[in-house]
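Survey of secondary and tertiary structure
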Amino acid sequence: MVELLNLEMAVARQRAKQAERSLQQAKTMLDDNHGLAISLALCSRIRTGQARAKAARRRLLKIMPPTSAH
């Protein structure tokens, strides 16, 4: 059971990191001047990346919620 939880956490962390990397790459590309069509496509990619990153972080928090500090 513990191994399954560890595996789920590792996969969730990997997905979150991948989504963050993809989002950062799209933002970097948007900073370059590629023209309007490319910029619109990158904006769409960024919105999708933001949604994926948010979903991955939510999934990670569902698996292992943060401990409350008292």
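Residues numbered from 1 in each chain as written. Predicted model: local features only at pLDDT ≥ 70, side-chain atom pairs only at ≥ 80, totals over all residues. Heavy atoms only, no water.

Regarding the overall build of the protein
A tally of regular secondary structure across the protein gives two helices and zero strands. For a compact globule of 70 residues, the expected C-alpha radius of gyration is about 11 Å, and the protein comes in at 16 Å, more than 25% above that figure. In terms of principal-axis extent, the alpha carbons of the protein reach across some 50 × 30 × 15 Å. For the protein, restricting intrachain contacts to residue pairs at least 6 apart in sequence, the fraction spanning at least 24 positions comes to 63%. For the protein, the exposed area adds up to about 5700 Å²; of that, 59% sits on carbon and sulfur atoms. Averaging the coordinates of the 13 positive side-chain charges in the protein and doing the same for the 5 negative ones gives two points 6 Å apart. (Helix = DSSP H or I, 4+ residues; strand = E, 2+ residues; numbered from the N terminus. Rg over C-alpha atoms; globule rule 2.2 N^0.38 Å. Contact = heavy atoms within 4.5 Å. Areas by Shrake-Rupley, 256 points an atom, 1.4 Å probe, with all protein chains shown as cover. Lys, Arg positive; Asp, Glu negative; His and termini not counted. Charge placed at Lys NZ, Arg CZ, Asp CG, Glu CD.)

Some points on helix α1 (residues 2-31)
Under the 1.5 Å per step criterion, the end-to-end length of α1 is 44 Å for 30 residues, consistent within 8% with the ideal 44 Å. Those residues of α1 that are buried lie in contact with α2 (36-63). (Expected span 1.5 Å × (residues − 1).)

Looking at the environment of R58
As for its placement among the helices and strands, R58 is situated in helix α2. Taking C-alpha positions, R58 is 17 Å from R21, a pair spaced 37 residues apart along the chain.

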